[in-house]
Amino acid sequence: MISGARLGYRHRARLCVRGRAASPKLGIFQEESHRIVDIPKCHVHHPLVNRVAAAVRRAVRETATLPYAERPHRGALRSLQVVVERASQRAQVVLVGNAAEPAPLEPLARALEPLLANELHSLWWNGNPERTNVILGPHWHRFSGPEAVCERIGGVDVFFPPAAFGQNHLELADRLVAQVHAWVPDDRRVLELYAGCGPIGLGLLARSREVAFNEVSPAGLHGLALGLAARPEPERARARLIPGEAGAAQGALAACDTVIADPPRQGLGARLLEALVAQPPEQLIYASCDLDSFLSQARTLVQRSPLRLRELQVFELFPQTRHAETLALFAR
């Protein structure tokens, strides 16, 4: 098990907002319930996340902003998302509202900006007016600041808009990306599936023959476009985008040497798994955050294709939980 910091490591946090305007609660749900545990000072969070949460509590009280109440589906502020940018030590802050337009949270946003001052990277409103457990809704408005946080990963700048996925434990994510890069030889034709904003593939452009990026989410594709725009022209010329579900990218398998896949918890889609069995690349690098789906799909790959497991590493990306990230190298 490859481990890192166990406290203060979470550069990303989503906190639900409940309670009353005079005494707001910001925290997470108790297990198997929707009762909020208020977290005024979480030792797992980066300290700036706690300072942002404290500033939001104060701004809620000062502006009398009503926190969300689930049963009556009332209240203006549902949730808070905070992402800390390492280089600047500033926070990208998203106020998630219970409306389809930002007006109900504009007074809160105006009160919050001076409280955070130089520690504020950007301030956003997100609208989620539906009865749902999904935190972020479809509506966005930027009050101030840059359109994405920028992280130096794998030797390149990677950009994360507020709706895009990013790892919480950046120290270990850096080490995982470095290991993937160490496994990929030079002058390869690389296909990265579930590429997100490109934290793995962008750093391979300088020494690969081609890198094809597959991603389905609009926010991931936007972050990837920002990352590609920041690369020199020779590197951009070696990049190719394949937007859409990963299964739709199976046509690119025949033209690649190395496949990199970092899927969500359910693992590789059934259509993609069958395509990898039918057209196995010389090298498959599989990052998995769910051990059960990884074991099932690794068994299929080994039993039904010439791919064999050559190396496996486990990264403790989720300290204090039973989850870990498995990184596997398969080769013919």
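Residues numbered from 1 in each chain as written. Predicted model: local features only at pLDDT ≥ 70, side-chain atom pairs only at ≥ 80, totals over all residues. Heavy atoms only, no water.

Describe the pattern of salt bridges, listing the residues and the values that go with them.
Under the counting rule described, the total for this entry stands at 16 salt bridges. Among the ionic pairs, Asp157 bridges to Arg152, the shortest N-O distance being 3.1 Å. Accessibility expressed as a relative area gives 27% for Asp157, which makes it partly exposed. Among the salt bridges present, the one from Arg240 reaches Glu210, with a minimum N-O distance of 3.5 Å. (Salt bridge = Lys/Arg side-chain N within 4 Å of Asp/Glu carboxyl O. Buried < 20%, exposed > 50% of the residue type's maximum accessible area, 1.4 Å probe, protein only.)

So, the sheet that holds strand 5 (residues 90–97): which residues are in play, and what are the values?
Spatially, 3-2-1-4-5-6-7 is the arrangement adopted by the seven strands of the open sheet, whose pairing is mixed. The open sheet has two edge strands with one neighbour each: strand 3 (36–38) and strand 7 (139–144). Ignoring which end each strand starts from, the neighbouring axes of this sheet average 35° apart. In this fold helix 1 (residues 47–63) packs onto strand 1 (12–20), strand 2 (23–29), strand 3, strand 4 (77–85) and strand 5, with an angle of close to 145° to the strand it touches most, strand 4. (Pairing = 2+ DSSP bridges. Helix = DSSP H or I, 4+ residues; strand = E, 2+ residues; numbered from the N terminus. Axes fitted to C-alpha atoms, helices over the stretch in contact; angles between N-to-C directions. Contact = heavy atoms within 4.5 Å.)

Give a detailed account of helix 1, specifying residues and quantitative values.
Its 17 residues place the ends of helix 1 25 Å apart at the C-alpha level, agreeing with the 24 Å of an ideal helix rising 1.5 Å per residue. Turning to helix 1, its buried residues are Leu48, Val49, Asn50, Val52, Ala53, Ala55, Val56, Arg57, Ala59 and Val60. (Expected span 1.5 Å × (residues − 1).)

Let's hear about unusual backbone geometry: which residues, and what values?
Phi is positive for Ala64, close to 55°, though the residue is something other than glycine. Structurally, the position occupied by Ala64 is in the loop between helix 1 and strand 4. Taking relative accessible area as the criterion, Ala64 reaches 51% and is therefore assigned exposed. Although it is not a glycine, Tyr194 adopts a positive phi angle of roughly 55°. Position of Tyr194 relative to the elements: it lies in the loop between strand 10 (189–193) and strand 11 (210–215).

Just give me the short version of the packing of aromatic side chains, but keep the residues and values in it.
Going through the model one piece at a time under the given rule, you end up with three aromatic pairs. Here the aromatic rings of Trp124 and Trp140 are separated by 6.0 Å at their centres, their planes lie at 85°, and the arrangement is edge-to-face. With Trp124 in strand 6 (residues 120–127) and Trp140 in strand 7, this pair connects stretches of sequence that are 16 residues apart. The ring of Tyr68 has Arg78 sitting right over it, with the charged end atom 4.3 Å from the ring centre. (Phe/Tyr/Trp six-rings, centres within 6.5 Å; stacked < 30°, edge-to-face > 60°. Lys NZ or Arg CZ within 6 Å of the ring centre and 35° of its normal.)

Summarise the packing of helix 1 against helix 2 (residues 106–116); cite the residues concerned and give the values.
At a minimum axis separation of 9 Å, helix 1 and helix 2 run at an interaxial angle of 135°. Viewed along their axes, helix 1 and helix 2 adopt a mutual orientation that is oblique. Here helix 1 and helix 2 pass one another in a crossing that is right-handed. For the pair helix 1 and helix 2, the contacting residues are Arg51, Val52, Ala55, Val56, Arg58, Ala59, Val60 and Thr63 in the first and Pro107, Leu108, Ala111, Leu112, Leu115 and Leu116 in the second. Grouping the amino acids of the contact of helix 1 with helix 2 by side-chain chemistry returns eleven nonpolar, one polar and two charged. (Parallel < 35°, antiparallel > 145°, perpendicular 65-115°, else oblique. Left-handed = near helix turned anticlockwise from the far one by under 90°. Nonpolar A, V, L, I, M, F, W, Y, C, P; charged D, E, K, R; others polar.)

If you had to explain the sheet that holds strand 16 (residues 325–331) to someone new, which residues and values would you point to?
On the basis of which strands lie adjacent, the open sheet formed by seven strands has the order 12-11-10-13-14-16-15 and mixed pairing. On the outer flanks of this sheet lie strand 12 (239–243) and strand 15 (308–315), each paired with one strand and no other. Between one strand axis and the next, the sheet turns through 15° on average, direction left out of account. Here strand 13 (residues 258–261) runs beside strand 14 (residues 283–288); their pairing, made up of four bridges, is parallel. For Val259, the partnering residue across the bridge sits in strand 14 and is Leu284.

An account of the side chain of Gln297 is requested, with residue identities and associated values reported.
By secondary structure assignment, the location of Gln297 is in helix 7 (residues 291–304). For Gln297, a relative accessible area of 8% gives the class buried. There is a polar contact of 2.6 Å between the side chain of Gln297 and the side chain of Tyr286. The residues touching Gln297, leaving out its near neighbours within four places in the chain, are Gln266, Gly267, Leu268, Leu273 and Tyr286. (Polar contact = N/O pair within 3.5 Å; in protein donor to acceptor, adjacent residues only side chain to side chain.)

Please set out the side chain of Gln92 residue by residue, giving values where relevant.
Following the sequence through the fold, Gln92 ends up in strand 5. Look at Gln92 and you get buried, because its relative accessible area is 0%. Reaching out from Gln92, the side chain makes a polar contact with the backbone oxygen of Phe160 at a distance of 3.4 Å. Setting aside its immediate chain neighbours within four residues, Gln92 contacts Gln81, Val82, Val83, His121, Ser122, Trp124, Ala148, Val149, Phe160, Pro161 and Pro162.

Talk me through the environment of Leu268; I want residue IDs and the actual numbers.
Relative to the assigned elements, Leu268 resides in the loop between strand 13 and helix 6 (270–278). Taking relative accessible area as the criterion, Leu268 reaches 5% and is therefore assigned buried. Separated by 18 residues in sequence, Leu268 and Tyr286 have C-alpha atoms that sit 9.3 Å apart. Apart from residues lying up to four places away in sequence, Leu268 is in contact with Tyr194, Ala261, Pro263, Leu273, Leu276, Tyr286 and Gln297.

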